[in-house]
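Inside the fold
Here's the letter readout for the chains.
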Amino acid sequence: MYCVGEVQRLYGRMHGMLELAILGFLYASPLHGYELRKRITALTGHVRPVAESTLYPAIKRLEKAGLLARETQPGSGAAPRHVLSLTAEGRHELRRRLAEPEQADITDENRWFTVLAFLRHLDDPAAQAAVLRRRLAFLEEPASFFYDGDRPLRAEELDDPFRRGILTIARATSRAELNWLRATLESLR
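Residues numbered from 1 in each chain as written. Predicted model: local features only at pLDDT ≥ 70, side-chain atom pairs only at ≥ 80, totals over all residues. Heavy atoms only, no water.

**Description of the sheet that holds strand 1 (residues 31-32)**
Defined as follows: One bridge is not enough; two strands pair if DSSP finds at least two bridges between them. Numbering goes from the N terminus for both helices and strands, where a helix is a DSSP run of H or I of at least four residues and a strand is a run of E of at least two. Contact criterion: two residues are considered in contact whenever any of their non-hydrogen atoms come within 4.5 Å of each other. Helix axes are fitted only over the stretch in contact, all axes being lines through C-alpha atoms; the angle between N-to-C directions runs from 0 to 180 degrees.
The strand order across the open sheet formed by three strands is 1-3-2, and the pairing between neighbours is antiparallel. Whereas interior strands pair on both sides, the edge strands pair on one side only; in this sheet they are strand 1 and strand 2 (68-73). In terms of strand pairing, strand 1 meets strand 3 (residues 81-86) through two bridges, oriented antiparallel. Its bridge partner being in strand 3, His32 is matched across the sheet by Val83. Across the face of the sheet, helix 3 (residues 52-64) comes into contact with strand 2 and strand 3 while running at roughly 110° to strand 2.

**So, the pattern of salt bridges**
The condition is simple: Should a side-chain nitrogen of Lys or Arg be within 4 Å of a carboxyl oxygen of Asp or Glu, the pair is scored as a salt bridge. Relative accessibility decides the category of a residue: with a 1.4 Å probe and only protein chains considered, values under 20% of the type maximum give buried, values over 50% give exposed, and everything between is partly exposed.
Counting across every chain of the model gives 16 salt bridges. Where Glu93 meets Arg96, a salt bridge forms, and the shortest distance between an N and an O atom there is 2.7 Å. With Glu93 and Arg96 both in helix 4 (residues 88-99), this residue pair falls three residues apart, about one helical turn. Accessibility expressed as a relative area gives 33% for Arg96, which makes it partly exposed. Close ionic contact of Arg97 with Glu93 constitutes a salt bridge, the shortest N to O distance being 2.8 Å. Here Arg97 and its partner Glu93 are both found in helix 4, four residues apart, which amounts to about one turn of the helix. Comparing Arg97 with Glu93 shows no difference in burial state: the two are buried. Here the salt bridges share partners, and the residues they tie into one network are Glu19, Arg61, Glu93, Arg96, Arg97 and Glu100.

**Focus: the confidence of the model for the protein chain**
What counts is decided by this rule: Confidence scores here are pLDDT values: one per residue, from the predictor, ranging 0 to 100.
Across the protein chain, pLDDT averages 86, with 88% of residues at or above 70. Looking across the protein chain, the model is least confident in helix 1 (residues 4-28), with a mean pLDDT of 70, and most confident in helix 4, with 97. Counting contacts from residues 1-14, a segment whose pLDDT is below 50, to residues more than four positions away or on other chains yields five contacts.

Right, here's the structure in full:
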């Protein structure tokens, strides 16, 4: 059973990434809701599909907070279209969220990809590098999906070919990301 504070924290995390994606996609140019939903779905893919019942309440929250503006334009048919754009406060909030991501935004791969997709909107290379260094530190910590007591198991220690596959794939992905992070940090100096 969750207490009220835990439920609010979980709710905030789920919606935080959706809100970040909305702000990030609108940073470049105004979009109508349908186009915004298509872009978010392309970013999150099958992992976290975006339903209208999730997207439109998030848009309303951001509008109410003064981060988005809505303009009604005539549609190609009879129905008008609502085009969304960022306010100055919305641009500032996007940059703040990118510069100060929560720890879960660094450690959860799907949330990390959302941060990474929009990190270019942070104009300061030093601020970009600070975020990348946090991810690098996380990846350099010894970790595994499987343990023997407190000791992380290596892929070659597992008899189960499927668990060995998980570790093999995860390690290869981590090595590739570590190489990319180090090279990108070097280029940002």
